[in-house]
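Structural overview for review
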Amino acid sequence: MLKLLLTAISRSISHVPPAHFLLKIQEFSSLVENELEIYESLEFDAGGHKWKLVVYPNGNENKNVNDHISLYLEMADTSSLGFGWEVYPIFRLFVLDQNKDECHGKRRRFHGLKLEWGFDQFIPLEEFNDASNGYLVDDTCVFGAEVLVKERNKCKGECLSMTKLTSASIYKHVWKIENFSKLEAKRHESEVFIVRDQKWKIQLHPKGIKSGTGSHVSMSLALVDSSTITPGFKIYVHFTLRIRDQVRGKHKEANSNGFLVNDGCIVEAEVSVLGISKAL
């Protein structure tokens, strides 16, 4: 039988930054505008366990929250723990007051088989969005986590840089394929193109991805060189793939069943990199 021991939720102000993890988010408003309902941070170590921060920028809809930011601490890896494991940390979650350089946080004690504890109503959106409070300055905010343990590890962090989706941020790549009916390989690739300093390509499977004998054409967007991606590096991309209708102009997006003219087709990709996250 699982027993939970909880203390009352309390709110406090600290002049000392969180000891274990900082999550800096630039262009915070883009999280909502781009419908990114949840953001999970990189993993960090504290007290011999791995954790991560989970942020709902417009409230956790699963808890019927829409007027607060929801913030949680989650255990990221329990595979090494045996059956019936229990963990008793006391943790604090923070949002930085950038005007006063103070950390405003809430704390709660928990243990056990439940992997996530936090605060459905961490801070009201009205209070958070008020620039005079210092939480959101120049559309940038900083959240933090401190897991109270005997040993304090060197603080790690992450920076998520978001970009607003505009017509100017969309890169369009056109790939003209000739002699489509004579394509023999199961996969064909476009020439490489660059968006936000990353190399991309379009992959086309004339007869489907799985067996190569299907009845549909399959397309995908691929990152060319993943070796340049360092641990903890994440890219958030908005993209559209289409095959152009060269006669009527009614293009097929997302998937396609053809549109050949003189045994040739035109494939287009519109790519916009909305966010890049890097470990600090």
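Before reading on, note that the structure itself is shown above.
Since this is a predicted model, take the numbers as computed values, not measurements.

**Some details on the environment of Glu33**
Within the element layout of this structure, Glu33 appears in helix α1 (residues 29-33). Sequence-wise, Glu33 and Lys164 are 131 residues apart; in three dimensions their C-alpha atoms are separated by 7.8 Å. Side-chain polar atoms of Glu33 contact the side chain of Lys164, separated by 3.3 Å.

**Here we look at unusual backbone geometry**
Even without being a glycine, Glu27 presents a positive backbone phi close to 55 degrees. Position of Glu27 among the secondary structure elements: in the loop between β2 (21-26) and α1.

**Examining the side chain of Arg92**
Relative to the helices and strands, Arg92 is located in strand β7 (residues 90-97). For Arg92, a relative accessible area of 18% translates into the label buried. Of note is the side chain of Arg92, whose polar atom sits 2.6 Å from the side chain of Glu146.

**Description of the pattern of salt bridges**
Per the stated rule, a full pass over the model turns up 13 salt bridges. We note a salt bridge from Glu268 to Lys172, for which the minimum N-O separation is 3.6 Å. Here Lys172 lies in strand β12 (residues 171-177) and Glu268 lies in strand β19 (residues 265-279), a separation of 96 residues in the sequence. For Lys172, a relative accessible area of 46% corresponds to the partly exposed category. Across the pair Glu189 and Lys201 runs a salt bridge, and its minimum N-O distance is 2.9 Å. Here the residue Glu189 occupies a position in strand β13 (residues 188-189), and Lys201 occupies one in strand β15 (residues 198-205), the gap between them amounting to twelve residues. A network of salt bridges, in which partner residues are shared, links Lys172, Arg242, Arg244, Glu268 and Glu270.

What counts, and where the lines are drawn
Residues numbered from 1 in each chain as written. Predicted model: local features only at pLDDT ≥ 70, side-chain atom pairs only at ≥ 80, totals over all residues. Heavy atoms only, no water. Helix = DSSP H or I, 4+ residues; strand = E, 2+ residues; numbered from the N terminus. Polar contact = N/O pair within 3.5 Å; in protein donor to acceptor, adjacent residues only side chain to side chain. Buried < 20%, exposed > 50% of the residue type's maximum accessible area, 1.4 Å probe, protein only. Salt bridge = Lys/Arg side-chain N within 4 Å of Asp/Glu carboxyl O.

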